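Tertiary structure, described
The primary structure of each chain is shown beneath.
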Amino acid sequence: MKPVAIILALGLIAAGAESARASSPDAWAELFKRASAACAKASELKKVRTGKPVDFSDKVLVIVDGIWPQPHMKNAPARFACLYDKRTRTAETAELPH
C-alpha cells in the first residue's frame, strides 16, 4: 500500500471513531448542555429557562424563556429562539412574538 493510501485510510478510521464517540449519549448530553448554557447567556434575560434542545445537522435549536432585565421593561416576559452553531460554538438569538 502506498504511503498516501495508508494516511488516507488512517484518517478515515480516525474520523469514523470520532463520529461514533460524538454520537454517544454522554456526548449528546454534553452538546445539549453546552448549547443551552450558551443560549441562556446570549439571551441576556433574567430567570432564564431553556427548553429541550432540538438537533439539526449543523445547529441546535433552543427556546429560551425569561424576563427582560431592563428596569423600564418592568419584568415583562420574553421568549427567544436560539441557534447554537456546533462548529463555532456560538449562539444567536431572535425574539419570538407572544
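Right, let's walk through the structure included here. (Residues numbered from 1 in each chain as written. Predicted model: local features only at pLDDT ≥ 70, side-chain atom pairs only at ≥ 80, totals over all residues. Heavy atoms only, no water.)

Even without glycine at this site, glutamate 44 takes up a positive phi of about 60°. Its place among the elements puts glutamate 44 in the loop between α2 (25-43) and β1 (46-50). Note on glutamate 44: relative accessible area 62%, which makes it exposed. (Helix = DSSP H or I, 4+ residues; strand = E, 2+ residues; numbered from the N terminus. Buried < 20%, exposed > 50% of the residue type's maximum accessible area, 1.4 Å probe, protein only.)

Attention now goes to the pairing of strand β5 (residues 90-95). Summarising the sheet, strand β4 (residues 77-85) and β5 pair through six bridges and their orientation is antiparallel. Directly across from tyrosine 84, in β5, lies its bridge partner alanine 91. In this structure, the hairpin formed by β4 and β5 is closed by a connection of four residues, where arginine 89 is found at a positive phi of approximately 55°. (Pairing = 2+ DSSP bridges.)

Grouped together as the largest cluster of nonpolar side chains are 12 residues: Leu31, Ala35, Cys39, Leu45, Val60, Val62, Val64, Trp68, Ala78, Phe80, Cys82 and Tyr84. For this core, the secondary-structure elements that each account for two or more residues are α2, β3 (59-67) and β4. Sequence-distant contacts of alanine 78, that is, excluding residues within four places in its chain, are made with Leu45, Val64, Asp65, Gly66, Trp68 and His98. (Core = buried A, V, L, I, M, F, W, Y, C linked by side-chain atoms within 4.5 Å. Contact = heavy atoms within 4.5 Å.)

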